[in-house]
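# Results of the structural survey
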Amino acid sequence: MSPGPSTIDGVLEPGRSGSGSAGPPAPPPGGRAKRVGGGPFRDMFSSPLNTVLTLLVAWLLLMIVPALVEWGLVRATFVASSAQACRDAGGACWAFIAEKHRLILFGLYPYDEQWRPLVASALLIGAVVASCLRRFWNKWLALIWIAALVATGILMWGGVLGLEYVENTRWGGLPLTLILATFGMGLAFPLGVLLALGRRSRLPAIKALCVVYIELIRGVPLISLLFMSSVMLPLFLPEGFGIDKLLRAQIAIVMFAAAYLAELVRGGLQAIPKGQYEGADSIGLSYWQQMRLIVLPQALRIIIAPLVSMFILVFKDTSLVVIIGIFDLTQSAKASLADAAWPGFSVEAYLFIAAIYFVFCFAMSRYSQALEKRLRTGGER
Amino acid sequence: MPPSTQPIIQMDGVSKWFGKYQALRGIDLAVERGERIVICGPSGSGKSTLIRCINRLEEHQQGRIVVDGIELTGDLKDIEAIRREVGMVFQHFNLFPHLTVLQNLTLGPIWVLKQPKAQAEETAMRFLERVRIPEQAHKYPGQLSGGQQQRVAIARSLCMSPKIILFDEPTSALDPEMVKEVLDVMTSLAETGITMLCVTHEMGFARQVADRVIFMDQGQIVEQNTPEAFFSRPQNDRTKLFLSQILH
C-alpha cells in the first residue's frame, strides 16, 4: 500500500464532489501532509496506546522468533539415518520428513508406481493454473481439461497401456486431496450457480426444490454428510449396487459446497440492478442468454473474494474425509507417525502438510486479488 | 390485408394494475407506420408504463396489444419476436458495464439475430458514427459521459434494425449541457422514417419532430393532437394546467 497519493485523494474527495466545478482542488491541510511523509513506523508510537501495543508485540516476537529459529534451523537435523540422531541434536527433525515424504505425499500407492500420482497431480495443478490464465479462456480450456482428466484417470487407475491396475482404495496423500478438491470445486460451482438461479426462479416448483435443497444441506455439518454418504446411503441402495466409497465422499463434498456457493452467487445476483435485465430484455436476449452474457459475468465478479474463500474452505475441508477412512494428505501424515523406528515427530509431520495446504490456499488468495484488479473496468458505477 | 396499411401498434382497452393501484385505464391507441409520437404528462400518469407494455417489460392485464401483426400474450416466442422488432432507450441507459461499447452494440445482433461477428461489428461502427462517437468503441460505458452513454444506448437499439423505437425519458437523467447532443441524434433518427414513441418533457423536441402529441393523466389518454394544435389550443383543463407548469 502506498500511503502518499491515496491518502491525499481520500482527504480531498468529499470537498471536491461537494463544490462541483469550483476550480482546482485546495492543498491538503498541513498536518495531514506531514503525516504522509512519515513512513510506516510513525504510527507505531503515535499515541500511548500504540506505544504500549508496539512494545508488547516487539516483546512477543523477541520471545518467539529466536526460539523458533533455534528449533527449526540451528539445532535441526536435516540428514540422519535414525531417529536417535535427531533426538541427540534436540531440534526439529527434518530428516523425518526426508524419510517419510513419499508416504505422506502418496499414501499407500504402490511405492514403485508413485511417479504416476506425481504426474497426475502435476497435470491437475497445470490444468487449474491454465484455467486461471486469461489467455486460455477459450475453447482450448475445455480440451486442456478433458486431456488432463483422462490422463489423470489413466495414470491413477492404470490397467491400460501396460500400467499396473491400482484400486482407488490405495490412492492417498496429496493427489487424493487434489482430486477431491478439484472435482469438489469444479462440480459444485456450476451446481451452485444453477441452484442460485433456481432459487430466484419464477417457477414455484423449481424455486421450492432449490430452497429445500440449500436449506437442508446448509443445516447439516459436512462431517455428518460424509457419514451419511458412507453409512446410510448403502442402506437405501439395492444389494450389490455399491457406489465406490471415494465417489460417495466426493458427492458429499460437491453437494455440501454447492449449497453454500448457491447462497454466495445469490448475493451477487441480487446486486445486479433491474435495469440490466430490462436492457437485456429490450434487445431480445432469452433468459439463458441474459444470465450467461449479462447477469452472471457481473454477479460473479462482485463475489470473487468470498468465492475464493469458499474454494479455500473446500480445499481444506477435504481433510474431513479422514473420518470415513479415506487416505488424504492429513491421514497419510498421521500414518507416517505410526512407524516404530521414527516415533514422536508429529510436529514436523503436521508442519510439513500445513505448509503444503498453505501454499495452495495462499496461491488461491493471491490469484483472487489479481483477478479482481484485472477485471476492473474503468469508472465502475 | 397487406400489413403496411395496418397500424404498426394497436392497443385496445389496455389496463394495468400494480397491486391495487391502476396504472393504465383502458388505453386505446393506434400508431401508424413511421409515425412519431411524443407522450407527456405529470409523473405517475402511466406514460412510461404504457410504452413498457409494448415490449412486455410490463405485462398488461386487460385489453389487447398487437405489434406489427403479433399479439402480445404470455407466449415467450411472440414476446421475443416483438422485442426483436422494438428497440428501447432508457432513462438510465442500462448499458452493460462489463462490456465495451462495441460489445454492447454487437451483443444483440450476434446472439439474437445470429449475425457473424464481423458483420455485427461493421454495423455497430456505422451506427456509432451516426451517433458521432466512433472513437469510443473500445471504451467501457463507465468511462463515458452521460450524453455519450445515451447515444451508445440509442446506437445499441438501432443495431437490431428495429421497426419501432421506444424512448423512456431519454434525457431526464442527463446533465443539462448533454441534453442537446442526445436530442440532436433523436431528431436525425426521426428523419429516417422509423416509428418512434417518446416519453419526454422536451417540448421543443415535440414541436419540432412529433406528428402527434399525447397527453396522459391518471392512467388515461386525456388529449392528443398535432403539436401545432396541442400547444396553441389545448382543449382539456388538465392539459392546460400541465402545459402552464412546464412551459413557465
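Just so you know, these numbers come straight off a predicted model, no measurement behind them.

In terms of regular secondary structure, chain A is built from 16 helices and zero strands. Relative to its full complement of 381 residues, chain A shows a buried share of 39%. Within chain A, contacts between residues separated by at least 24 positions form 67% of all contacts whose residues are at least 6 apart in sequence. Surface accessibility of chain A: about 21,300 Å² in total, with carbon and sulfur atoms responsible for 70%.

Residue and element names in this part refer to chain B. Its 14 residues give helix α4 (residues 117-130) an end-to-end C-alpha distance of 20 Å, which sits within 8% of 20 Å, the value for a rise of 1.5 Å per residue. Buried positions along α4 lie against α3 (101-111) and α5 (146-158). Positioned one or two residues after α4, R132 has a phi angle of 65 degrees, which is positive.

Another point: the confidence of the model for chain B. Looking at chain B as a whole, its pLDDT mean stands at 92, while 98% of the residues score no less than 70. Interface confidence for the predicted complex, expressed as ipTM, amounts to 0.91; the pTM equals 0.80.

This part takes up the nonpolar core. Residues W171, V265, L269, L285, I294 and F315 of chain A together with L107 of chain B are the most contacted members of the largest nonpolar core, which totals 90 residues. Of all hydrophobic cores here, the second largest spans 47 residues; its members include V152, A155, M203 and A206 of chain B.

Attention now goes to the pattern of salt bridges. Tallied over the full model, the rule gives 25 salt bridges over all chains. For the salt bridge of R83 of chain B with D281 of chain A, the shortest nitrogen-to-oxygen distance reads 3.2 Å. Here the residue R83 of chain B occupies a position in helix α2 (residues 76-85), and D281 of chain A occupies one in helix α12 (residues 274-282), the pair thus bridging two chains. Residue class for D281 of chain A comes out buried when judged on its relative accessible area of 16%. E121 of chain B is the partner of K117 of chain B in a salt bridge, and the nearest nitrogen-oxygen pair spans 3.9 Å. Taken as a pair, K117 of chain B and E121 of chain B lie in helix α4 at a separation of four residues, close to a single helical turn. Overall, K117 of chain B belongs to the exposed group, its relative accessible area being 55%. Shared partners join several salt bridges into a network, and the residues in it are R199, E215, R218, E263 and R266 of chain A.

Looking now at the interface of chain A and chain B. With 23 residues of chain A at the contact, the number on the chain B side is 25 residues. Counting across the chain A and chain B interface gives two salt bridges. The interface formed by chain A and chain B holds seven residue pairs in polar contact (both at pLDDT 80 or more) in total. Those elements that provide at least two residues to the side of chain A that touches chain B are α12 and α13 (287-302) of chain A. Tallying contributions element by element places α12 of chain A first for the side of chain A that touches chain B, with eight residues. By residue class, the composition of the side of chain A that touches chain B is six nonpolar, 11 polar and six charged.

Further remarks concern empty space enclosed by the protein. One simple way to see leftover space: roll a probe sized like a water molecule over the atoms. All names here are of chain B. For the coordinates displayed, the defined rule picks out three cavities of 30 Å³ or more. Here the largest cavity is characterised by a volume of approximately 50 Å³. What lines the largest cavity is R130, V131, L158, V185, S188 and L189. No other element matches helix α6 (residues 176-190), which puts three residues into the lining of the largest cavity. Residue composition of the lining of the largest cavity, by class: four nonpolar, one polar and one charged.

Attention now moves to the sheet that holds strand β4 (residues 62-67) of chain B. All names here are of chain B. Pairing is antiparallel in the open sheet, where four strands are placed in the order β2-β1-β4-β5. In the strand order of this sheet, the two ends are held by β2 (21-31) and β5 (70-71), each with one partner. In the sheet, strand β1 (residues 9-18) pairs with β4 via five bridges, with the strands oriented antiparallel. The residue of β4 that forms the bridge with I9 is V67. Each of β1, β2 and β4 is contacted by helix α1 (residues 47-54), which is oriented at about 120 degrees to β1, the strand it contacts most.

All names here are of chain B. Of the two faces of strand β6 (residues 86-89), the one lined by V86 and M88 and the one lined by G87 and V89 are each fully buried. Judged from the four bridges that link them, β6 and strand β7 (residues 164-168) form a sheet pairing that is parallel. Among the inter-strand pairings, V89 is bridged to a residue of β7, identified as F167.

About the criteria used
- Residues numbered from 1 in each chain as written.
- Chains lettered and ligands numbered in written order.
- Predicted model: local features only at pLDDT ≥ 70, side-chain atom pairs only at ≥ 80, totals over all residues.
- Heavy atoms only, no water.
- Helix = DSSP H or I, 4+ residues; strand = E, 2+ residues; numbered from the N terminus.
- Buried < 20%, exposed > 50% of the residue type's maximum accessible area, 1.4 Å probe, protein only.
- Contact = heavy atoms within 4.5 Å.
- Areas by Shrake-Rupley, 256 points an atom, 1.4 Å probe, with all protein chains shown as cover.
- Expected span 1.5 Å × (residues − 1).
- pLDDT = per-residue confidence, 0-100.
- Core = buried A, V, L, I, M, F, W, Y, C linked by side-chain atoms within 4.5 Å.
- Salt bridge = Lys/Arg side-chain N within 4 Å of Asp/Glu carboxyl O.
- Polar contact = N/O pair within 3.5 Å; in protein donor to acceptor, adjacent residues only side chain to side chain.
- Nonpolar A, V, L, I, M, F, W, Y, C, P; charged D, E, K, R; others polar.
- 1 Å grid on protein atoms, 1.4 Å probe; cavity = no way out; pocket = protein on both sides within 12 Å on 5 of 7 lines; lining within 4 Å.
- Points joined across faces, edges and corners; volume = space filled by probe spheres on them.
- Pairing = 2+ DSSP bridges.
- Axes fitted to C-alpha atoms, helices over the stretch in contact; angles between N-to-C directions.

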